[in-house]
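Notes for the structure review
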Amino acid sequence: MTSQRPVAVAITTSPSPSFVLAAILCVALLSSTASAETGAKAWLRYAPLDTQAAKQYKDFPSRILLLGDSLVLKTARQELTSGLQQMLVRTLEPTSNPKDAFVLGTLKNVRTLAPSLQPSQPLKADAFWLRATRIRGAPCIVITGINDRGVLYGVFTLLSKIARHENIASLDDLQQPYAPIRWINQWDNLDGSIERGYGGPSIFFEAGKARADLTRAAQYARLLASVGINACTVNNVNAAPQVLEDDFIPQLARIAEAFRPWGVQLSISVDLSSPTKIGKAHVGATRVETGPQPVPPARRAAEPLTTFDPLDPQVAAWWRKKLDEIYRHIPDFAGVVIKADSEGRSGPSAYGRTHADAANVVARALKPHGGIVFYRAFVYNHHLDWRNLKNDRAKAAYDNFHPLDGQFDDNVIVQIKNGPIDFQVREPVSPLFAGLHHTNEAIELQITQEYTGQQKHLCFLVPMWKEVLDFDMRIDDQHTPVKELVSGRTLHRPQGGFAGVANVGMDANWLGSPLATANLYGFGRLAWNPNLASETIADEWTRLTFGADPLVVETVNNLQLNSWRVYENYTGPLGAGTLTNITGNHYDPAPESSENNGWGQWHRADHEAIGMDRTIATGTGFIAQYPPAVQKLYEPLANCPDNLLLFFHHVPYTHTLHSGETVIQHIYDSHYLGAEQAKGFISAWKKLDGRIDEERYRDILARFEFQALEAEKWRETICNWINQLSGLPDQRGRFPAKDRN
Ligand code: GCW
């Protein structure tokens, strides 16, 4: 559900959760000592190694040889030099000789020095190879890739190994990206607010313009590059047309420039009706803050068109002209994201055209420049008649896009949210992943915790994303996991990959909580290699962010790895979705808000039973959108997993789960357990007092104390609601039987 106004500035009578938490944090921070860490470095702290740990790197080369002088290669050299300086207090001397040197360069260039150096497999774009070897008999460490970005990723990987004290005696690490597309989306508005952003105002925009100071944008690009992210969409998918105004493009070019040293390409979200929205009006509108100025005739923008019909030749010409203009300013522009006919956005339906028509008209303008269109499959009718039990929002993406399979140009990627509803604490995988055999697809994951605690609650999402990416869609009854589908492997698609909605902001620690960057890190790591285990990713992030103290590592890893299940326990039982205030801030508990409206996040709870019947036999038939083998998993009550029962079935409160509990008792117990577990985070964290810097220790302690209170609020709200509705008692006597009449 899109918000009609910038979410970040919502004013409430009772102090909002953010206000309460901010107040508690202020107190905590005021008493912290000097060795403060703001979290700004996130996982790139490059903390000095102690002598013991540093010993294993004593034979490291002391010089650096850079083959090439591109911006990205120079950045790679700078990053390696400063990283080793910080961690090993070692200064690398530039040299032109590979002897005792780190040799950085593309494979083509490195092989001019070492023709026999051959990787075990051909390197894909952005892949890298780290190799301790001898060139002309002299020991050296080669950091190479097929392109400059690969070399930079190799440098970050080597520094990460050192920062985690990894043993790299015989270094020979070749890594290929799992998918070509690894993008971040930001939902930043041009006024500086961020839709569903919980980490402060935009790092890109302010007062309708790009920020004068884009240092933070450059620092963000460095963070993204360090986990293999190769492009970033900087503005809200609910896109303001102004972003395409001629005088706005040079401002975008400044952001692209800040990104370029890190190999991060700029992308923007565009409004499909832009051809009718921008142009002449420009003479007045966007210069509000500076008042009308004479515009030289040459630059006077064309009249806005009267149509944005994608099949109208003048509209095609408009997009070609507009994209050519963008590429004149930003030669490495990555492409655009389009949200159309969704939550009130303009779209092809205005002219009876298809989503393929809409995507292709923009794709054809991008094609000559190598640009890509991400067309979002998040298209649904938010005025559904909730009284009709056959209506089902979950069916929308498949119903809208499956029939268009094969009609999208090859530089169009359909961007599909992991679940069929909207980033709930638990959803099944979207059936559309298996519904497009002749269309590029990408998975959209949400790093910003819109429905998972908004960075006020700890919720490490990597285990959730792993479940989604490993889910086997059984296309033609073959092993076809989502990760292979979106990477383009299974169906041999030229394009595919990952898009993560991050919404970092100006807060020093990027996302509001020092622990939340684990999700940004984790998204990057999974997009690079979805076969990595959640435990591996959590451990890497913890060591890079907090150091190697065994108790710190064990404690933070456990907190992160358990956090999703704990949050689910007190917010969204059995696949019912996050029982939050869906017509409000998507944060507070408000189960009633889901019902009796057109938004379609229904859970159909009444006095007798609860859950959405999505079966083929008696329900909305949503399950029929899956391949037959997956239908068999969800359709029969006997097969349906407990944690998705209420997403697929409408069952009595007394229904017995596979776990042996009844639905009602599970709801009571899971909420008590979740609140208890959240309280347990406090005592676990207190063991780390004095083992990490005071500032982050106190900040995070305050957050856990706040989260425990909120979890209790959730428990009370949901248990009271279900007790009122069902009238059924809690077997442990915490809630009495209720007279339902
Ligand atoms: O998750 C919902 C959000 C909206 C968002 C929309 C979308 C940007 O509540 O804020 O709009 O989905 O993904 O387009």
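Just so it is clear, the model here is predicted, and its values are computed rather than measured.

Right, let's get into the side chain of R426. One can find R426 in the loop between β14 (412-417) and β15 (440-446). Note on R426: relative accessible area 6%, which makes it buried. There is a polar contact of 3.2 Å between the side chain of R426 and the side chain of E467. In this structure the side chain of R426 is engaged in a polar contact, spanning 2.6 Å, whose partner is the side chain of E568.

Taken together, six strands build an open sheet; the order of strands is β2-β1-β3-β5-β4-β6 and the sheet is mixed. With partners counted over all chains shown, the strands left at the sheet margins are β2 (93-94) and β6 (172-175), one partner each. Packed onto the sheet, helix α5 (residues 148-163) meets β3 (101-106), β4 (128-135), β5 (138-145) and β6 and runs at close to 80° relative to β4.

Further remarks concern the sheet that holds strand β13 (residues 372-376). The parallel closed barrel is built from eight strands, whose spatial order is β7-β10-β11-β12-β13-β14-β15-β16. Between one strand axis and the next, the sheet turns through 25° on average, direction left out of account. Direction of pairing for strand β7 (residues 181-185) relative to strand β16 (residues 496-501): parallel, over a ladder of five bridges. Counterpart to R182 in the pairing with β16 is F498.

What follows deals with the pairing of strand β11 (residues 265-270). The element β11 is largely enclosed, with a buried count of five among its six residues. Here strand β10 (residues 231-233) pairs with β11 via three bridges, running parallel. Its bridge partner lying in β11, C232 is registered against L266. In this fold, the crossover linking β10 to β11 by way of helix α7 (residues 249-259) has right-handed handedness.

Turning to the pattern of salt bridges, a few remarks are in order. For the structure shown, the criterion picks out 46 salt bridges. A salt bridge links E79 to R222, with the shortest nitrogen-to-oxygen separation between them at 2.9 Å. Taken together, the positions of E79 in helix α3 (residues 71-88) and R222 in helix α6 (residues 215-226) put the pair 143 residues apart, joining distant regions of the chain. Judged by relative accessible area, which is 3%, E79 ranks as buried.

Okay, the environment of G192 next. Considering the arrangement of structural elements, one finds G192 in the loop between β7 and β8 (205-206). When its relative accessible area of 8% is taken as the criterion, G192 is described as buried. Counting along the chain gives 313 residues from G192 to G505, while the straight-line C-alpha distance between them is 9.4 Å. Contact partners of G192, with chain neighbours within four places excluded, come to P201, S202, F205 and E206.

Turning to the confidence of the model for the protein, a few remarks are in order. Of all residues in the protein, 91% have pLDDT values of 70 or greater, and the mean over the chain is 93. Within the model, pLDDT remains below 50 along residues 1-15, and this stretch shows 24 contacts once partners closer than five positions in the same chain are excluded. Here residues 29-34 scores under 50 on pLDDT; set against residues more than four positions off or in separate chains, the count is eight contacts.

What follows is about the packing of aromatic side chains. A full pass over the atoms with the stated rule returns 35 aromatic pairs. With centroids separated by 6.5 Å and ring planes inclined at 45°, the aromatic side chains of Y375 and F408 adopt a geometry described as tilted. Of the two residues, Y375 sits in strand β13 while F408 sits in the loop between α11 (396-401) and β14, which places them 33 residues apart along the sequence. Note on F408: relative accessible area 6%, which makes it buried. Between F546 and W685, the aromatic rings sit 6.3 Å apart at their centres with planes inclined by 75°, giving edge-to-face as the arrangement. Of the two residues, F546 is situated in helix α15 (residues 534-546) and W685 in helix α19 (residues 663-686); the sequence distance between them amounts to 139 residues. Overall, W685 belongs to the buried group, its relative accessible area being 0%. One aromatic cluster is present, built from ring pairs that chain together F204, F205, Y220, F248, F259 and W510. The ring of W510 is capped by R216, whose NZ or CZ atom sits 3.7 Å from the centre of that ring. A cation over an aromatic ring shows up here: R614 above the ring of F622, its NZ or CZ 5.9 Å from the ring centre.

This next bit is on the nonpolar core. Side chains of nonpolar character tend, in soluble globular proteins, to be buried together. Core analysis: the largest hydrophobic core is formed by 202 residues, its most contacted members being L80, F102, Y220, I268 and W685. Counting residues per element, this core draws most heavily on helix α20 (residues 694-726), which supplies twelve residues.

Most of α7 sits out of view: eight of its eleven residues are buried. Here α7 has its buried residues at I249, Q251, L252, A253, I255, A256, A258 and F259. Residues of α7 that are buried make contact with β8, β9 (209-210), α6, β10, β11 and α9 (313-329).

Following both chains from N to C, one finds α3 and α5 inclined at 10°, their axes separated by 8 Å at the closest point. For the element pair α3 / α5, the angle class is roughly parallel. Residues V72, L73, T75, A76, E79, L80, G83, L84, M87 and L88 of α3 form the contact with α5, whose own contacting residues are D148, R149, V151, L152, V155, F156, L158, L159, I162 and A163. Along the lines of polarity and charge, the residues of the contact of α3 with α5 split into 15 nonpolar, two polar and three charged.

Attention shifts here to the environment of A350. Following the sequence through the fold, A350 ends up in the loop between β12 (335-338) and α10 (355-366). Counting along the chain gives 43 residues from A350 to R393, while the straight-line C-alpha distance between them is 21 Å.

This paragraph deals with the environment of S202. Relative to the helices and strands, S202 is located in the loop between β7 and β8. Contact partners of S202, with chain neighbours within four places excluded, come to D188, G192, I194, R211 and M506. Separated by 2.9 Å, the side chain of S202 and the backbone nitrogen of F204 make a polar contact.

In this section: α20. Here α20 contains 33 residues, and its C-alpha end-to-end distance of 47 Å stays within 8% of the 48 Å for a straight helix at 1.5 Å per residue. Buried residues dominate α20, accounting for 24 of its 33 residues. Immediately beyond the C-terminal end of α20, within one or two residues, lies G727, with a positive phi of roughly 75°.

Parameters at a glance
Residues numbered from 1 in each chain as written. Predicted model: local features only at pLDDT ≥ 70, side-chain atom pairs only at ≥ 80, totals over all residues. Heavy atoms only, no water. Helix = DSSP H or I, 4+ residues; strand = E, 2+ residues; numbered from the N terminus. Buried < 20%, exposed > 50% of the residue type's maximum accessible area, 1.4 Å probe, protein only. Polar contact = N/O pair within 3.5 Å; in protein donor to acceptor, adjacent residues only side chain to side chain. Pairing = 2+ DSSP bridges. Contact = heavy atoms within 4.5 Å. Axes fitted to C-alpha atoms, helices over the stretch in contact; angles between N-to-C directions. Right-handed = clockwise from strand over helix to strand, strands pointing away. Salt bridge = Lys/Arg side-chain N within 4 Å of Asp/Glu carboxyl O. pLDDT = per-residue confidence, 0-100. Phe/Tyr/Trp six-rings, centres within 6.5 Å; stacked < 30°, edge-to-face > 60°. Lys NZ or Arg CZ within 6 Å of the ring centre and 35° of its normal. Core = buried A, V, L, I, M, F, W, Y, C linked by side-chain atoms within 4.5 Å. Parallel < 35°, antiparallel > 145°, perpendicular 65-115°, else oblique. Nonpolar A, V, L, I, M, F, W, Y, C, P; charged D, E, K, R; others polar. Expected span 1.5 Å × (residues − 1).

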